[in-house]
Amino acid sequence: MAVDLARRGRRVALLEAGPAKPEQNSQKWFEQATLSGKNLEGLHVGRFRCLGGTTNFWGGQLVPFAPMVFAQRNWVSDALWPINSNDIAPFVDAGFNILGLGHVIRDDTEVWKRLRLQAPPKTDTIQPIVTRWAPESNLAIHFAKDIAENPNLTVVLNAQVGAIIVGDNGAVEGVQIRFTDSAPIHVRGESVVLANGTIEISRLLQLPDHLDRQTPWATNQWLGRAFMDHIDCYAGGVVPIDNKRFSDLFDNAFIEGLKYNPKLRLADEVQAREQLLEISSHFVYRSSIADNIANLKILVRGLLKGRVKRSALSDPLAMLGTLKFVVPMAIRYIRYRRMMNLSDAGIQLRLTSEQTPVTESRVRLREERDPFGMPIVDVDWKLDPRDFETMARFAEYIKYYLESHRLARVDLAEGLVKRDPDFFAQADDANHQMGGARMATSAQEGVVDADCAVFGTRNLYVAGAAVYPTSGFANPTFTAIALGLRLASHLISRRKELYAKVA
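Computed from a predicted model, the values in this text were never measured in an experiment.

A few points about the overall build of the protein chain
Here's step 1: Summing up its helical and strand segments, the protein chain has 18 helices and 20 strands in all.
Here's step 2: A burial count over the protein chain gives 53% of its 503 residues as buried.
Here's step 3: If you take every contact in the protein chain between residues at least 6 apart in sequence, the share linking residues at least 24 apart comes to 74%.
Here's step 4: Counting every atom, the protein chain has about 23,100 Å² of accessible surface; 51% of that belongs to carbon and sulfur.

Listed below in structure tokens is the structure:
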């Protein structure tokens, strides 16, 4: 969003709380956060306090939210998106372009045509889909030229925002940057956009202003509430009946340098009929030499991009021992542009499910403060027990789908089939933190409006997954990028309108 605004002539100050790259001294501030609800592993290992944030360790998978996610689904939540899929569609296109995927194949049918393969069968319960992947997932690297050369973009590192500056008339005037060893400084701007991650956005919006006064939005009942993540679990083991056919249908594909990944999704009609959540599956391939293969991939990727990582050279003898596996992989890639998955230790079925928004799932502020003088965060992640029925039903549909089409035999986990609460207690998060500043039509229903402006202000905005009222199953990053680009266009249009009124 900052790059898009700068490219379009707006002056932007990008305030990064951490350093240019991940460092333990910076990460330690996130490690102080606590949990009072279900275990949320991503609270400590899924947030990164550095330039580029979580994209430093993001795989780069780009999955636009399905139209159904924006639609009214009374069985999921009474929370409604104040926008629809058509409102965001142009910015999904812009997102592909700004991430270097202008030539991406958007039509799944065309992907399979280019691969000269028949797509996995579509049924009334299972919808095969293909996801796209960014060629460079680290946005600090992808936008390095803009950061270094665009005169409209100023990046300030180690700039921890500790409060929002609110004028006597209630307008937001800027932010206060805090330090652990010196007095704070103020940065002022025409508009302020909070894009500092779901949990940090919830924290900042719950704080008083720079003069320790109550903010205009402080009484909003939804601040920090309806916090969400995706729910993940291993559903069972998978044994292909025809290895080649299974690989043809589910291995990663590469077309003109871009990666495409086949997945299976629960059909919209079944979600509506059985009142289930949005959910998808993928296969996790286990191999006894997985670490060495991963290191070889890192080495090759580093050589291609001129960034060889020392970790890839840690055990060259072991890497050489993998050549008997690597050669067939290389041949398959060169001939068919498919990446063979080694599975000598088995294949697992992995599910990623939407969660029902729960009002009491929330981000709170503790009495204790960090060295910046800011309250430490506590996250109380709560799930609706009904969410697990979606996972169980979908797993049963996947089993029938794979076995009836003679693709694989599936041995579902006993606890999943029996709906054992102990099994579901082991389900984990996906490092996809969302909610806490949800989008709505009014302050009675959410924190920001359809333009991501905080209710009670004219020029304070939220960018990111914090604004999601519901989540679908898709990785939240791409929709957050699209919403950010939509917000950028709004800010430019709003400024033109203001200048027109003055003129």
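Topic: helix α6 (residues 108-115)
At 3.6 residues per turn, the α-helix brings residues three or four places apart onto the same side.
Here's step 1: Residues of α6 that are buried include every one of Val111, Trp112 and Leu115, and no others. Buried residues of α6 fall within an arc of 90 degrees about the axis and therefore sit on the same side. Along α6, exposed side chains directed more than 90 degrees from the buried face belong to Thr109 and Lys113.
Here's step 2: Where α6 begins, the side chain of Asp107 points an oxygen toward the backbone nitrogen of Thr109, at a separation of 3.2 Å.
Here's step 3: At the exit of α6 stands Arg116, carrying a positive phi of roughly 60 degrees.

Brief notes about the side chain of Lys38
Here's step 1: Inspection of the secondary structure puts Lys38 in the loop between β2 (34-35) and α3 (42-45).
Here's step 2: No salt bridge is formed by the buried Lys38; its nearest oppositely charged neighbour, Asp429, is found at 7.5 Å.
Here's step 3: Within the local environment of Lys38, its side chain forms a polar contact with the backbone oxygen of Ala427, the two atoms lying 2.8 Å apart.
Here's step 4: Among residues more than four places away in sequence, those in contact with Lys38 are Trp381, Leu383, Phe424, Ala425 and Ala427.

Digging into the sheet that holds strand β16 (residues 362-369)
For sheets, the rule is that strands pair by backbone hydrogen bonds, running either parallel or antiparallel.
Here's step 1: With respect to topology, three strands assemble into an open sheet ordered β2-β17-β16, the strand pairing being mixed. On the outer flanks of this sheet lie β2 and β16, each paired with one strand and no other.
Here's step 2: Strand direction decides the pairing type here: β16 and strand β17 (residues 375-380), joined by five bridges, are antiparallel. Looking across to β17, one finds that Arg369 is bridged to Pro375.

Here we look at the sheet that holds strand β7 (residues 172-178)
Here's step 1: Read from one edge to the other, the open sheet built from three strands follows the order β6-β7-β8, with strand pairing classed as antiparallel. Of all the strands in the sheet, just β6 (160-166) and β8 (185-188) have a single pairing partner and so form its edges. Averaged over all neighbouring strand pairs, the angle between strand axes comes to 30 degrees, with direction disregarded.

Some thoughts on the pattern of salt bridges
Here's step 1: One pass over the full model with this rule turns up 31 salt bridges.
Here's step 2: For the salt bridge of Glu149 with Lys145, the shortest nitrogen-to-oxygen distance reads 2.8 Å. Here Lys145 and Glu149 lie together in helix α8 (residues 144-149), a separation of four residues that amounts to about one turn.
Here's step 3: Owing to a relative accessible area of 57%, Lys145 belongs among the exposed residues under this scheme.
Here's step 4: Between Asp232 and Arg350 there is a salt bridge, with its nearest N and O atoms 3.6 Å apart. Taken together, the residues Asp232 in strand β10 (residues 231-240) and Arg350 in strand β15 (residues 347-353) connect sequence positions 118 residues apart.
Here's step 5: With a relative accessible area of 8%, Asp232 lands in the buried category.
Here's step 6: By relative accessible area, Arg350 is classed as buried at 11%.
Here's step 7: Salt bridges linked by common partners bring Arg273, Glu274, Glu389, Arg393, Glu396 and Arg419 together as one network.

Some details on the packing of aromatic side chains
Given two aromatic rings, one states the distance between the centres and the angle between the planes to describe the pair.
Here's step 1: The tally for this structure, following the rule as stated, stands at 13 aromatic pairs.
Here's step 2: Arranged with centres 5.6 Å apart and planes meeting at 40 degrees, the rings of Trp81 and Tyr468 form a pair that is tilted. Remark: Tyr468 occurs in the loop between β20 (460-462) and α18 (476-502) and Trp81 occurs in the loop between α4 (67-70) and α5 (85-98); sequence separation between them is 387 residues.
Here's step 3: Their ring planes at 65 degrees and their centres at 5.0 Å tell us that Phe250 and Phe283 sit as a pair that is edge-to-face. With Phe250 in helix α10 (residues 243-250) and Phe283 in strand β13 (residues 279-285), this residue pair connects regions lying 33 residues apart in the sequence.
Here's step 4: Exposure remark for Phe250: the relative accessible area of 4% places this residue in the buried category.

Things to note about the nonpolar core
Here's step 1: Core analysis: the largest hydrophobic core is formed by 83 residues, its most contacted members being Trp81, Leu205, Trp217, Tyr260, Leu460 and Tyr468.
Here's step 2: Here the element with the most residues in this core is α18; it accounts for ten residues.
Here's step 3: Sequence-distant contacts of Leu460, defined by excluding residues within four places in its chain, comprise Ile164, Val172, Val192, Leu194, Leu205, Trp217, Cys452, Ala453 and Val454.
Here's step 4: Counting 46 residues, the second-largest nonpolar core is a separate cluster that includes Ala267, Ile279, Met391 and Val410.

Focus: the pairing of β7
Here's step 1: The element β7 is largely enclosed, with a buried count of six among its seven residues.
Here's step 2: The pairing of β6 with β7 spans six bridges and is classified as antiparallel. Of the residues in β7, the one forming a bridge with Ile165 is Gly174.
Here's step 3: Here β6 folds back onto β7 in antiparallel fashion, the turn holding five residues, of which Gly170 has a positive phi close to 90 degrees.

Procedures and definitions
Residues numbered from 1 in each chain as written. Predicted model: local features only at pLDDT ≥ 70, side-chain atom pairs only at ≥ 80, totals over all residues. Heavy atoms only, no water. Helix = DSSP H or I, 4+ residues; strand = E, 2+ residues; numbered from the N terminus. Buried < 20%, exposed > 50% of the residue type's maximum accessible area, 1.4 Å probe, protein only. Contact = heavy atoms within 4.5 Å. Areas by Shrake-Rupley, 256 points an atom, 1.4 Å probe, with all protein chains shown as cover. Arc of directions from axis to C-beta. Polar contact = N/O pair within 3.5 Å; in protein donor to acceptor, adjacent residues only side chain to side chain. Lys, Arg positive; Asp, Glu negative; His and termini not counted. Salt bridge = Lys/Arg side-chain N within 4 Å of Asp/Glu carboxyl O. Pairing = 2+ DSSP bridges. Axes fitted to C-alpha atoms, helices over the stretch in contact; angles between N-to-C directions. Phe/Tyr/Trp six-rings, centres within 6.5 Å; stacked < 30°, edge-to-face > 60°. Core = buried A, V, L, I, M, F, W, Y, C linked by side-chain atoms within 4.5 Å.

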